[in-house]
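An overview of the molecular structure
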Amino acid sequence: METLLAKLRQTLRGRSAESAPLAGRVHREPPLEELVEGRWLTLPEGRCFLAEKAFALDQPHGVHRLGDLLAVPHEVWAPFLGGRGDAPFDPYEIVFFDVETTGLGRGAGTYCFLVGIGRFEGETFRLRQYFMPDFGEEEALLELAARDFAASSGLVSFNGRQFDWPLLETRYTLWRRPPPHPGEPHLDLLLPARRLWRSKLPSCALSALERDMLGVMRTEEDVPGYLIPELYSDYVSRGRTRPMANVFYHNATDLLSMVTLAARIGHLIAQPTESPGCDFVSLGRAYASQGHHERALEAFRRAANSTDRQEAAQGRRELGLLLKRLGRFDEAMAIWWAELEGNDVHPYIELAKQFEHRLKDPASARQLVLRAIERLKWGEIACADPDRTFQDLSYRLARLERHLGK
DNA sequence: GTGACGATCCCATACGCTCC
DNA sequence: GGAGCGTATGGGATCGTCAC
């Protein structure tokens, strides 16, 4: 088996060496190093092109600056770090990464031909892009990327938990190398972005977030993601370097956008009161699920005060339920009382429960249920399943009347 | 002890979304 | 176009409380 693998590696490397000069002749395009700032590296494992660039921390990217992330309190990331929410998340100890691949599949036939890795170093944000010029040179790319990953204590990506990292792990496994990083803590920015803006934006794809939240305008250099596998194929088989330079631009822009997106999200979570355009209901749920109850209550209050009627109703509902869960019944009841003239049946039911079970006042509970039934009949209360709601209310009323009768 | 009820948890299922 | 994750939803099981 080992011999077979060695032969395969040799064959692939041989093909790579043959195809490189051919590539230059077909289209007479300039070599990659003339189009992308970088240099070729030769390792025992093969050749790899390294493009490297450092950005000042006050470098703008859209409406934000790269260094904005450094002011975000580390603890805001805890709800989004997977199983390692307790791990420290220092921007200087983590790496941002994004890979360009030959397709969307997860199998052995999908290669990562470009790995972009960014990290804060002193007064700069340094971006390194490792590029494999042919399929036979993959191990060199993996070796160089591994050195960067191994020097980090955390990962940041966009959809990297589902796509980029598992794919990279597969590539290392296929070369019989251990993945260079345990994979945790891993901040996948797609998760908090969805939590914050799912109900506000038509899409939470990185390109949409760039446009709608970050003010990033890509130049004509950019290429759409779906074309990337084809462009790499053109590079390998026909030596087309110009479109490949555009892929470098695409990858670098993705990485810089991740940095400013993280800054935007981090500041928003840290100070939700100063963040218009955020889905405070989802943010509150995220806080509540992590036990940050006061922050959750604050987020729900923000939602409750929204000018968007639907968001305001949801905010009040979540606020009341969380207060009840925390045993703050009087505060919860105040919310429900204020809601009674709205078009939601929920506050009637919650108040009826409180009167029946906690306050031992079935007569008041009955009045509330009767009023809810009446409003439901008149169509003043909207609910997803009016018939079922009517049944539930009737059942509750019958029980209360039995109780009162006795 | 029994029954009714609410609260909570767990599980299964369906669906939408994102990456190249 | 493949695949995995998160979310929403609904049903069932379990537990604690209370009244009888």
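Only a predicted model underlies this, so the values are computations on that prediction, with no experimental measurement involved.

Some thoughts on the overall build of chain A
Counting secondary structure elements, chain A contains 15 helices and 9 strands. Out of the 406 residues in chain A, the part that is buried amounts to 50%. Summing over all exposed atoms, chain A offers an accessible surface of approximately 19,400 Å²; the carbon and sulfur share of this is 51%.

Topic: the protein's contact with DNA strand B
Taken together, 26 residues are adjacent to DNA strand B, and Asn159, Cys204, Tyr395, Arg396 and Arg399 come closest. What you see for DNA strand B is that sugar and phosphate hold 80% of its atoms within 4 Å of the protein. Leu206 has a polar backbone atom sitting 2.9 Å from a phosphate oxygen of DNA strand B. For the surface near DNA strand B, the secondary-structure elements that each account for two or more residues are β5 (94-101), α5 (190-197), α7 (228-238), α11 (309-325), α13 (346-358) and α15 (386-405). Looking at the surface near DNA strand B element by element, the count peaks at 4 residues for β5.

Some words on the packing of helix α9 (residues 280-289) against helix α10 (residues 293-304)
Interhelical geometry of α9 versus α10 gives an angle of 165° and a closest axis separation of 8 Å. Judged by the inter-axis angle, α9 sits roughly antiparallel to α10. In the packing of α9 onto α10, the handedness of the crossing is left-handed. Of α10, the residues touching α9 (which contributes Phe280, Val281, Leu283, Gly284, Arg285, Tyr287 and Ala288) are His293, Arg295, Ala296, Ala299, Phe300, Arg302 and Ala303. Broken down by class, the residue content of the contact of α9 with α10 amounts to 9 nonpolar, 2 polar and 3 charged.

Considering the domain arrangement of chain A
As far as domains go, chain A holds domain 1 (2-270), domain 2 (273-339) and domain 3 (341-406). Across the contact, 12 residues belong to domain 1 and 11 residues belong to domain 2. Interface area for domain 1 against domain 2, summed over the two sides, is near 1,100 Å², with a carbon-plus-sulfur share of 52%. Our count for the contact surface shared by domain 1 and domain 2 stands at 0 salt bridges. In this structure, the connection of domain 1 to domain 2 is made through 0 residue pairs in polar contact (both at pLDDT 80 or more). For the side of domain 1 that touches domain 2, the elements supplying multiple residues, two or more each, are α5 and α8 (242-270). Across the side of domain 1 that touches domain 2, the residue classes tally to 8 nonpolar, 1 polar and 3 charged.

Quick notes on the packing of aromatic side chains
Enumeration according to the criterion identifies 18 aromatic pairs in this entry. Centre to centre, the rings of Phe97 and Phe149 are 5.5 Å apart; their planes meet at 85°, and the pair counts as edge-to-face. Here Phe97, found in strand β5, pairs with Phe149, found in helix α3 (residues 138-150); they are 52 residues apart in sequence, far enough to count as distant. A centroid spacing of 5.9 Å and a plane angle of 85° characterise the contact between Phe131 and Tyr232, whose relative ring orientation is edge-to-face. Taken as a pair, Phe131 in strand β7 (residues 124-131) and Tyr232 in helix α7 lie far apart in primary sequence, 101 residues in all. Assigned by exposure class, Phe131 and Tyr232 land together as buried. An aromatic cluster is present here, built from Trp40, Phe49, Tyr111, Phe113, Phe131, Phe135, Tyr232, Tyr235 and Phe248 joined pairwise through their rings. A cation over an aromatic ring shows up here: Arg47 above the ring of Trp40, its NZ or CZ 4.4 Å from the ring centre. Seen from the ring of Tyr111, Arg171 lies directly overhead, with NZ or CZ sitting 4.2 Å from the centre.

Basis of the calculations
Residues numbered from 1 in each chain as written. Chains lettered and ligands numbered in written order. Predicted model: local features only at pLDDT ≥ 70, side-chain atom pairs only at ≥ 80, totals over all residues. Heavy atoms only, no water. Helix = DSSP H or I, 4+ residues; strand = E, 2+ residues; numbered from the N terminus. Buried < 20%, exposed > 50% of the residue type's maximum accessible area, 1.4 Å probe, protein only. Areas by Shrake-Rupley, 256 points an atom, 1.4 Å probe, with all protein chains shown as cover. Near = heavy atom within 4 Å. Polar contact = N/O pair within 3.5 Å; in protein donor to acceptor, adjacent residues only side chain to side chain. Axes fitted to C-alpha atoms, helices over the stretch in contact; angles between N-to-C directions. Parallel < 35°, antiparallel > 145°, perpendicular 65-115°, else oblique. Left-handed = near helix turned anticlockwise from the far one by under 90°. Contact = heavy atoms within 4.5 Å. Nonpolar A, V, L, I, M, F, W, Y, C, P; charged D, E, K, R; others polar. Domains from an automatic or database assignment. Buried area = accessible area lost by both parts, 1.4 Å probe. Salt bridge = Lys/Arg side-chain N within 4 Å of Asp/Glu carboxyl O. Phe/Tyr/Trp six-rings, centres within 6.5 Å; stacked < 30°, edge-to-face > 60°. Lys NZ or Arg CZ within 6 Å of the ring centre and 35° of its normal.

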